[in-house]
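# Structural characterization, general
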Amino acid sequence: MINNENNRQQELTQGISEVLIPEESISQRVSELGATISRDYEGRNPLFIGVLKGVLFFMADLLRQVTIPVEVDFIAISSYSLEARNKGFVRLVKDLDTPITGRHVLFIEDVVDTGLTLNYLLQNLKSRFPASLDVCTIFNKPHHRLIDLPLKYVGFDLPDRFVVGYGLDYRERYRNLPYVALLKAQTITPNIRT
Ligand code: IMP
């Protein structure tokens, strides 16, 4: 029984080279963000909006650290080619269920890298006239930023490396690691930036 469990864990972690941010540090930071956001949004009944799927874990943890009433909605975007992504093209495959006109919207992100995806989504949301629109990202990768975007709440600045875990995937794997990690060189194909 214990051996089976160990084997399963090994299967998940064998591609990992190094833990960059341990689980305890993430949970500490998420609870700080939750406290700050609860203070800042008191009495404003904010709507948290996340993009599936990467934000799943952060959204769930953050919501449980927020002590004021809040509503939640999600959008989903298509996975896109590197070329399309570089042009800032994003296709919504699931739109919001909630109208956001006049609402205080906090956009919750897993990671901001070039900023192209976020920029597209923020423009889209702005055109619906929310009362306010701010961004909270758990991870920020500032090294390849192409568009300067105001990030009101940031969990961690990351080095210029490709990371997985806590929602972030490599080819749809590793999202369920409770920490953030680097992949072994042999796990990665050459066209992914590490
Ligand atoms: P951006 O448009 O360049 O800001 O890219 C944001 C998207 O790229 C994220 O939502 C992730 O899907 C992906 N991404 C960027 N860096 C990483 C990483 O280090 N690990 C996993 N996904 C990443």
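This text follows the structure it describes.
The text that follows walks through the structure, step by step, so that each part is easy to find. (Residues numbered from 1 in each chain as written. Predicted model: local features only at pLDDT ≥ 70, side-chain atom pairs only at ≥ 80, totals over all residues. Heavy atoms only, no water.)

To continue, consider the overall build of the protein. The secondary structure content of the protein amounts to five helices and nine strands. Starting at the N terminus and walking to the C terminus, you meet the elements of the protein as α-β-α-β-α-β-α-β-β-α-β-β-β-β. Put simply, the protein has 194 residues, and 43% of those count as buried. Put simply, of all contacts in the protein between residues at least 6 apart along the chain, 67% involve residues at least 24 apart. For the protein, the accessible area works out to roughly 10,400 Å², and carbon and sulfur atoms hold 51% of it. (Helix = DSSP H or I, 4+ residues; strand = E, 2+ residues; numbered from the N terminus. Buried < 20%, exposed > 50% of the residue type's maximum accessible area, 1.4 Å probe, protein only. Contact = heavy atoms within 4.5 Å. Areas by Shrake-Rupley, 256 points an atom, 1.4 Å probe, with all protein chains shown as cover.)

Burial of nonpolar side chains together is a common tendency in soluble globular proteins. If you look at the biggest cluster of nonpolar residues, it comprises 26 residues, and the most contacted ones within it are F58, L62, I108, C136 and F139. Residue assignment for this core shows that the elements contributing at least two residues are α2 (23–40), α3 (56–63), β5 (104–112), β6 (132–140), β7 (153–157) and β9 (180–183). Among the elements that make up this core, the one with the highest residue count is α2 (four residues). In terms of nonpolar packing, the next biggest core, distinct from the first, is built from 18 residues, L121, L122, L125 and L149 among them. (Core = buried A, V, L, I, M, F, W, Y, C linked by side-chain atoms within 4.5 Å.)

Moving on, we come to the sheet that holds strand β2 (residues 47–52). The mixed open sheet is built from six strands, whose spatial order is β4-β3-β2-β5-β6-β7. Single-partner strands in this sheet number two, and they are β4 (92–94) and β7. Neighbour-to-neighbour, the strand axes of the sheet open up by a mean angle of 30°, direction not taken into account. As defined by bridge partners, β2 adjoins strand β3 (residues 71–77) across six bridges and the pair is classed as parallel. In the strand pairing of β3, F48 is matched with V72. Sheet contacts for α2: β2, β5, β6 and β7; angle to β7, the most-contacted strand, approximately 165°. Contacting β2, β3, β4, β5 and β6, helix α5 (residues 116–126) runs over the sheet at an angle of about 165° to β5. (Pairing = 2+ DSSP bridges. Axes fitted to C-alpha atoms, helices over the stretch in contact; angles between N-to-C directions.)

What follows is about the environment of A131. Relative to the helices and strands, A131 resides in the loop between α5 and β6. Each C-alpha atom, one on A131 and one on R103, is 5.0 Å from the other, the two residues being 28 residues apart in sequence. Setting aside residues no more than four positions away along its own chain, A131 makes contact with G102, R103 and H104.

Here we come to the site of the ligand. Contacts to the ligand come from 15 residues, most closely from D113, T114, T117, K141 and V163. A distance of 2.8 Å separates an oxygen atom of the ligand from a polar atom in the backbone of D113. With respect to the ligand, the backbone of V163 contributes an N or O atom lying 2.7 Å from a nitrogen atom. Relative to its free-state accessible area of 500 Å², the ligand is covered by the protein chains to the extent of 87%. For the shell around the ligand, the secondary-structure elements that each account for two or more residues are β5 and α5. Sorting elements by how many residues they give to the shell around the ligand places β5 first, with three residues. Looking at side-chain class alone, the shell around the ligand contains six nonpolar, three polar and six charged residues. (Near = heavy atom within 4 Å. Polar contact = N/O pair within 3.5 Å; in protein donor to acceptor, adjacent residues only side chain to side chain. Nonpolar A, V, L, I, M, F, W, Y, C, P; charged D, E, K, R; others polar.)

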